[in-house]
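This is what each chain is made of:
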Amino acid sequence: MQSNKEITALLRLIDDPDFEVYDTVASKLLHYGKEIIPNLEQLWEVTEDEGVQERIELLIHRVHFHDLQQDFMDWSRSKQPELLRGAILVARYQFPDLNVPAILTQFDQVRRNVWLELNNYLTPLEQVNVFNSILYNYYKLNGHELTEREPKYFFINQVLESRQGNTYTLGILYLALCEILDIPIFAVEIPRQFIFAYIDIQHSFFSPEKEGLQQIQFYIDPISGVVYTQKDVEGYLRKINATDRELYFTPLSTKRIIYKMMEELALCFRYRREDHKADEIQQLMKLLTE
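The model shown is predicted, which means the values in this text are computed figures rather than measured ones.

Trainee: Help me understand the overall build of the chain in this model?
Mentor: Of regular secondary structure, the chain possesses 13 helices and six strands. Each of the 290 residues in the chain was classed as buried or not, and the buried ones make up 46%. Within the chain, contacts between residues at least 6 apart in sequence are counted, and of these 58% link residues at least 24 apart. For the chain, the centre of its 30 positive side-chain charges and the centre of its 44 negative side-chain charges are spaced 4 Å apart.

This is the structure in structure tokens:
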């Protein structure tokens, strides 16, 4: 009861012209966390002053952002952070009320359709052909270049709804399916690109107990599913005068993939002069490196 009285008193002070008073009120309201959001939304509906409405909207955003920061830290600190969950967290920046169960259901439907077409007798290239047929022909996923500078293509929920995405969101969907279906496809650190490698682990017939030798069979572009050979990639690296080539063939960690995607998202916001959003994305990025 005491809390309700305090909340009511604080809400009455949101329109205080004294910024110091407002700042104190805002800090106390933020202390309540997500529980305060219904109160703020109700106040917004009955408020006619646009300036006060903007204050309320900012408070709601700050509550959502603080909650998202905590979830990013929890995800980053987990032993095996899931790639799809990381993409969902990124989407929650733009869509704080995201229906996560609905996204997981949609993803599981895609997974089931791919799984039904797979079997143990398929070659690596045949497995990729199954993925490509389901994703790009059946679901008609359409890839857009990062140079379009369109933030909406960075959010996994919009990819599943509109079938439109960029190399990162389409790629994360592809990789998440590989992860759950136990297909050895991984993102690799090729400069200026986000592409995958099918990494086959070959064990010695005479010493099966020893760690297997990793060998890249081919590469995949997640924008369209196009397959590239080792010769294609080597030619590209020579063309851009790339060094440290061994580094480029090492699989990227889950956190590194999400970090790289957010890096590009921040650049998109900068390009569109939404610097406050770019700054907040960079704050979230720092949580992945701590």
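Having put the structure on the table, let's press on.
Trainee: What's the story with the packing of helix α5 (residues 83-94) against helix α6 (residues 100-117) in this structure? I'm lost.
Mentor: Packed helices, taken two at a time, are described by the angle their axes make and the gap between the axes. Between α5 and α6, the least distance of the axes is 12 Å, while the angle of their chain directions is 140°. Between α5 and α6, the angle falls in the class oblique. The two elements α5 and α6 cross, and the hand of that crossing is right-handed. Here Leu-84, Arg-85 and Ile-88 of α5 come into contact with α6, specifically with Val-100, Ile-103, Leu-104 and Phe-107.

Trainee: I would appreciate a short explanation of the packing of aromatic side chains in the present structure.
Mentor: With the rule as written, the count across this model stands at ten aromatic pairs. Judged by centre distance (5.8 Å) and plane angle (85°), the ring pair of Phe-95 and Phe-155 falls under edge-to-face. Linking Phe-95 in the loop between α5 and α6 with Phe-155 in the loop between β1 (142-144) and α8 (156-162), this pair joins segments that are 60 residues apart in sequence. By relative accessible area, which is 27% here, Phe-95 ends up partly exposed. Every member of this aromatic cluster is reached through a ring pair, and the members are Phe-131, Tyr-168, Tyr-174, Phe-194 and Phe-196. Looking at Arg-149, its charged tip hangs above the ring of Tyr-271, at a distance of 5.9 Å from the centre.

Trainee: Quick question: what am I supposed to make of the side chain of Asp-67 here?
Mentor: Tracing the chain through its elements places Asp-67 in helix α4 (residues 50-77). Judged by relative accessible area, Asp-67 falls into the buried class, the value being 19%. Here the side chain of Asp-67 touches Arg-92 through a polar contact of 3.1 Å, side chain to side chain. Asp-67 has contacts with Lys-34 and Arg-92, leaving out every residue within four places of it along the chain.

Trainee: Any chance you could explain the confidence of the model for the chain here in plain terms?
Mentor: Averaged over every residue, the pLDDT of the chain is 87; residues scoring 70 or more account for 91%. For residues 203-208, every residue scores under 50 in pLDDT, and the model assigns this stretch four contacts once sequence neighbours within four places are set aside.

Trainee: Is there a simple way to explain the pattern of salt bridges in this structure?
Mentor: Opposite charge on two side chains permits pairing when their charged atoms draw close. Here the structure, examined in full by the defined rule, presents eleven salt bridges. Among the ionic pairs, Glu-82 bridges to Arg-85, the shortest N-O distance being 4.0 Å. The exposure class of Arg-85 is partly exposed, given its relative accessible area of 39%. Linking Arg-256 and Glu-189 is a salt bridge whose minimum nitrogen-to-oxygen distance equals 3.4 Å. Here the residue Arg-256 occupies a position in helix α12 (residues 254-271), and Glu-189 occupies one in the loop between β3 (185-188) and β4 (195-202), the gap between them amounting to 67 residues. Take Arg-256: its relative accessible area is 33%, and that puts it in the partly exposed class. What you see here is one network of salt bridges that share partners, running through Glu-150, Arg-272, Glu-274 and Lys-277.

Trainee: How should I be thinking about α12 in this particular structure?
Mentor: Here α12 contains 18 residues, and its C-alpha end-to-end distance of 26 Å stays within 8% of the 26 Å for a straight helix at 1.5 Å per residue. Taken together, the buried positions of α12 are occupied by Thr-254, Ile-257, Ile-258, Lys-260, Met-261, Met-262, Leu-265, Ala-266, Cys-268 and Phe-269. In this fold, the buried residues of α12 make contact with α4, α5, α9 (167-181), β3 and α13 (275-287). Immediately beyond the C-terminal end of α12, within one or two residues, lies Arg-273, with a positive phi of roughly 60°.

Trainee: Explanation requested: the nonpolar core in the structure shown.
Mentor: The nonpolar side chains of a soluble globular protein tend to be buried with one another. If you look at the biggest cluster of nonpolar residues, it comprises 66 residues, and the most contacted ones within it are Phe-72, Phe-131, Tyr-174, Ile-185 and Ile-258. Of the residues forming this core, the biggest block, ten residues, is contributed by α9. Setting aside residues up to four positions removed in sequence, Tyr-174 forms contacts with Val-128, Phe-131, Asn-132, Leu-135, Tyr-136, Ile-185, Phe-196 and Ile-220. Counting residues in hydrophobic clusters, the runner-up holds 17 residues, among them Ile-7, Tyr-22, Leu-29 and Leu-40.

So, how was this worked out
- Residues numbered from 1 in each chain as written.
- Predicted model: local features only at pLDDT ≥ 70, side-chain atom pairs only at ≥ 80, totals over all residues.
- Heavy atoms only, no water.
- Helix = DSSP H or I, 4+ residues; strand = E, 2+ residues; numbered from the N terminus.
- Buried < 20%, exposed > 50% of the residue type's maximum accessible area, 1.4 Å probe, protein only.
- Contact = heavy atoms within 4.5 Å.
- Lys, Arg positive; Asp, Glu negative; His and termini not counted.
- Charge placed at Lys NZ, Arg CZ, Asp CG, Glu CD.
- Axes fitted to C-alpha atoms, helices over the stretch in contact; angles between N-to-C directions.
- Parallel < 35°, antiparallel > 145°, perpendicular 65-115°, else oblique.
- Left-handed = near helix turned anticlockwise from the far one by under 90°.
- Phe/Tyr/Trp six-rings, centres within 6.5 Å; stacked < 30°, edge-to-face > 60°.
- Lys NZ or Arg CZ within 6 Å of the ring centre and 35° of its normal.
- Polar contact = N/O pair within 3.5 Å; in protein donor to acceptor, adjacent residues only side chain to side chain.
- pLDDT = per-residue confidence, 0-100.
- Salt bridge = Lys/Arg side-chain N within 4 Å of Asp/Glu carboxyl O.
- Expected span 1.5 Å × (residues − 1).
- Core = buried A, V, L, I, M, F, W, Y, C linked by side-chain atoms within 4.5 Å.

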